[in-house]
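Secondary and tertiary structure notes
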Amino acid sequence: MADRSPSSPHAFDETDSSFTITIPNLRMKHQLYFMGFGLVFFVMAAIFLLMLWDEEAGLASVNNLLLLLFLTALAAGGASILRALLWQLAGKEIITVTSSTITVRHQVLGLGTSKEYHAQHIKNLRLSPAAHDPQDWWFAATNFSAFEDGRICFDYGTKIVQLCSQIDEAEAKQIFAELQHRFPHYCQR
């Protein structure tokens, strides 16, 4: 049964043994415009470099080797911008909590990575004041480790794992209260 409050972007999905929170990424128009412009620039630069390619010389030409190097750098930069743009448009943080694990998945268009944390190593699930406002466009545009600044955190061995980077304090309190009610053993260690 999915429950979605009209005032919050996240959704809860509960079963007898698990609790899943789906948090969509905040869509910030200024970032979308900036990344769209950047992607167009990278494509235009790549087309320009391809027009300079000397087909007769092949890879034996120093100029073509430099062009290949620049094209590789442009492809890497363009892929990075495309990834960030897709995250802005369709990114989700999915947190699934059971009595034995907490699984965090960051996905875009169904593809993504998951990390699973086992209960025996989880201690002190708590609220954490975020170092930035999730709607601070400059921080979000310049910080590539935004997942490391979450509103809910726990100790996992010798490191601190942070969740829910895309929500505000009120939403974090709502999610934390539900986690504390359903899985109190994570908070009491």
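See the structure printed just above.
Below you will find a few notes about this structure. Residues take numbers from 1 onward in each chain, read along the sequence in its written order. In view of the model being predicted, local features appear only for residues whose pLDDT reaches at least 70, and side-chain atom pairs are presented and counted only at 80 or more, with totals across whole chains, interfaces and linings using the full set of residues. Hydrogens are left out, water is left out, and the side-chain values use all remaining heavy atoms of the structure.

Observations concerning the nonpolar core
Soluble globular proteins: nonpolar side chains tend toward being buried together. To define a nonpolar core, start from buried Ala, Val, Leu, Ile, Met, Phe, Trp, Tyr and Cys residues and group those joined through side-chain atoms within 4.5 Å. Only protein chains enter the area calculation, which uses a 1.4 Å probe; residues under 20% of their type maximum are buried, those over 50% are exposed, and those in between are partly exposed. Counting residues in each nonpolar core, the largest one holds 26 residues, and the members touching the most others are F154 and I175. The secondary structure listing takes helices from DSSP runs of H or I that are at least 4 residues long and strands from runs of E that are at least 2 residues long, numbered from the N terminus. Among the elements that make up this core, the one with the highest residue count is helix 4 (residues 169–182) (four residues). Contacts are assigned to residue pairs with any non-hydrogen atoms lying within 4.5 Å of each other. Here F154 is in contact with I102, Y117, I122, K123, N124, L125, R126, K159, I160, V161 and L163, once residues within four sequence places are set aside. L49, L67, L71 and L74 belong to the second-largest nonpolar core, a separate cluster that totals five residues.

Points about the sheet that holds strand 7 (residues 122–127)
When DSSP finds two or more bridges between two strands, those strands count as paired. Read from one edge of the open sheet, three strands run 7-8-9, paired in antiparallel fashion. The open sheet terminates on both sides in strands that have one partner only, identified here as strand 7 and strand 9 (159–163). Averaged over all pairs of adjacent strands, the angle between their axes in this sheet comes to 20 degrees, without regard to strand direction. Where strand 7 and strand 8 (residues 152–156) come together, four bridges link them in antiparallel fashion. Its bridge partner being in strand 8, K123 is matched across the sheet by D155. Axis lines are fitted through C-alpha atoms, for helices just across the contact stretch, and the angle between N-to-C directions can take any value from 0 to 180 degrees. The strands touched by helix 4 are strand 7 and strand 8; relative to strand 7, the strand with the most contacts, the crossing angle is about 140 degrees.

Quick notes on the environment of L32
Looking at the element boundaries, L32 is found in helix 1 (residues 29–51). For the pair L32 and L85, spaced 53 residues apart in sequence, the C-alpha to C-alpha distance is 6.5 Å.

Thoughts on the pattern of salt bridges
Any Lys or Arg side-chain nitrogen located within 4 Å of an Asp or Glu carboxyl oxygen qualifies as a salt bridge. Applying the stated criterion across every chain, the model contains one salt bridge. Of the charged contacts, one joins D155 and R126 as a salt bridge, the two residues approaching to 3.2 Å between their closest N and O atoms. Placement of D155 in strand 8 and of R126 in strand 7 is noted, with a sequence separation of 29 residues between them. Note on R126: relative accessible area 22%, which makes it partly exposed.

Just distances and angles here, no functional claims.
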